[in-house]
Amino acid sequence: GTPEFQGFVDFIIKPYFSFLPGAPEVWSAIHDYAEFLGGICFALGFLTRPAALSLLVTMLSAVYFHLSATGLQGFPLGHVSNYSYDFEEPLLYALIFLMFWFNGAGPLSVDSIIYKSISQDDEN
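Residues numbered from 1 in each chain as written. Predicted model: local features only at pLDDT ≥ 70, side-chain atom pairs only at ≥ 80, totals over all residues. Heavy atoms only, no water.

**Considerations on helix α1 (residues 3–16)**
The condition is simple: Helix and strand definitions follow DSSP, with helices as H or I runs of at least four residues and strands as E runs of at least two, each counted in order from the N terminus. By definition here, a helix of n residues has an expected span of 1.5 Å times n minus one. Note that bend, as reported per residue, equals the angle between axes fitted to the 7 residues terminating at that residue and the 7 residues originating from it. Buried, partly exposed and exposed residues are distinguished by accessible area as a fraction of the type maximum, computed with a 1.4 Å probe on protein chains only: under 20%, between the cut-offs, and over 50%, respectively. We call two residues in contact whenever any of their non-hydrogen atoms come within 4.5 Å of each other.
The end-to-end C-alpha distance of α1 is 19 Å, a good match for the 20 Å that 14 residues give at a rise of 1.5 Å each. In the structure, α1 departs most strongly from a straight axis at Val-9, where the bend amounts to approximately 30 degrees. All buried positions along α1 are accounted for by Phe-5, Gly-7, Val-9 and Ile-13. At its buried positions, α1 is contacted by α2 (24–44).

Here is the structure:
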């Protein structure tokens, strides 16, 4: 793999996710594909619920990583140097993906177009 991929394996997967079964490279590849393909599907509104679930899992993994690496950083009243707790951004994204996992895509999505065409076929 690339040096970036190997860095992710060496500095994130091996030290913080060594409890996962299998090779760390496999988990890193799953993470990369889930974020890449899940992001494309999510943006298009295609397979929104599975995409949101895969992105939710990656964001919860990021929250776990940040909490393991830096702790709570004095949450909720701590003053951090960048004015944001390290786990705050992935937690907010995780909540957004959780909402889409429950609610699904909106009316301007590929999922909605497919559902409308299927429901029209059923009526005929």
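**So, the packing of aromatic side chains**
To keep it simple, the criterion reads: In this scheme Phe, Tyr and Trp rings, the latter by its six-membered ring, pair at centre separations within 6.5 Å, and the angle between planes marks the pair as stacked below 30 degrees, edge-to-face above 60, and tilted otherwise.
Under the criterion given, the structure shown has eight aromatic pairs. Relative to Phe-65, the ring of Tyr-16 has its centre 4.9 Å away and its plane inclined at 85 degrees; by these criteria the two rings are edge-to-face. Of this pair, Tyr-16 sits in helix α1 while Phe-65 sits in helix α3 (residues 48–70); the two residues are 49 residues apart in sequence, bridging distant segments of the chain. Residue class for Tyr-16 comes out partly exposed when judged on its relative accessible area of 25%. Residue classification places Phe-65 among the buried positions, given a relative accessible area of 17%. Ring pairing ties together the aromatic residues Phe-42, Tyr-93, Phe-97 and Phe-100, which thus form one cluster.

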